[in-house]
Amino acid sequence: MARYSAQANRTASATLALVALEAPATGMRRIKLYDFVIGCEAAPADNPYLYTIGRTTAAATGTAVTPSPIDLADAAAAALVKENMTTNGTAGVNLAAIPLNQRATFRWVAAPGSEFVVPATASAGIDINTPTMTALAITGSILFEEQ
Amino acid sequence: MRRAGGYAIWTSPDGPAKEADTFTCSHCQRLVFVQPKQDLGGFCRVCMKHICGPCADLGRCLTWEKQMEIAEARYRLRKAAGLE
């Protein structure tokens, strides 16, 4: 079970997702998201942000990010990670809603066995979305495991 | 919380960091933040795991693992039939 990290950025947009983690069209495996950090990199200001973590049922369109294996002996990730989305994936069930001030940073770490798991079906995924947000650059890091 | 399913931390320049234990609903995988003396939702005595309030209200056990097996089996069937 290989583990990977990826960093994603989103430039100014109020509605496009920060990062999408998706199963590929072929050769997919189950993906377990077990750690993420989200925050804003713009100059400090008081703006309300709402991040949501949700499932997606169809692929988003964005710039591909190459996940780095935590153990360099592991093969490249089969999962797709995307940033700077131009189209969000089809939204599914919401897994979490995290209201934040722009100045704040949030991190969540799962205990083993409590990760968000994406089934091994084509284009299924999880994204970190921003339904309520000022159009500023934001950044996130994710850690995930492939089964 | 004993044997929490995760840990969340909010860091802000305006005050001390806020921390909370979390668990992931065994049935739908929603993230639940655990606060002291808060109603946690429910506990499924079939899969013996914590579940969120809406899943507790359903009164049945359908774990996320089982739902994934169903989705993957359906996907394999559709692929074999040339529909994917």
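None of the values given here were measured: they were computed from a predicted structure. (Residues numbered from 1 in each chain as written. Chains lettered and ligands numbered in written order. Predicted model: local features only at pLDDT ≥ 70, side-chain atom pairs only at ≥ 80, totals over all residues. Heavy atoms only, no water.)

Engineer: Looking at this structure, I do not really get the pairing of strand β11 (residues 125–132) of chain A. What am I missing?
Structural biologist: Successive residues of a regular strand alternate their side chains across the two faces of the sheet. All names here are of chain A. Most of β11 sits out of view: six of its eight residues are buried. Judged from the four bridges that link them, strand β2 (residues 19–22) and β11 form a sheet pairing that is antiparallel. Following the sheet pairing, L21 is matched in β11 by I126. As defined by bridge partners, strand β4 (residues 48–58) adjoins β11 across six bridges and the pair is classed as antiparallel. Bridging across to β11, T52 finds its partner in N129. (Buried < 20%, exposed > 50% of the residue type's maximum accessible area, 1.4 Å probe, protein only. Helix = DSSP H or I, 4+ residues; strand = E, 2+ residues; numbered from the N terminus. Pairing = 2+ DSSP bridges.)

Engineer: What exactly am I supposed to notice about helix α2 (residues 64–80) of chain B here?
Structural biologist: Three- or four-residue spacings in an α-helix give side chains the same orientation, since the helix completes a turn every 3.6 residues. With 17 residues, α2(B) ought to run about 24 Å at 1.5 Å a step, and its terminal C-alpha atoms sit 24 Å apart, in line with that. Turning to α2(B), the residues buried within the fold contact β4 and β10 (116–118) of chain A. Among the residues trailing α2(B), G82(B) stands out with phi positive, at a value near 80°. (Expected span 1.5 Å × (residues − 1). Contact = heavy atoms within 4.5 Å.)

Engineer: Can you help me understand the side chain of T22(B) in this one?
Structural biologist: Along the polypeptide, T22(B) turns up in strand β2 (residues 18–24). One polar contact links T22(B) to W108(A), side chain to side chain, over a distance of 3.0 Å. Sequence-distant contacts of T22(B), defined by excluding residues within four places in its chain, comprise W108(A), M1(B), A4(B), G5(B), G6(B), Y7(B), A8(B), L31(B), V32(B), F33(B) and V34(B). (Polar contact = N/O pair within 3.5 Å; in protein donor to acceptor, adjacent residues only side chain to side chain.)

Any functional reading would require information that these geometric values do not contain.
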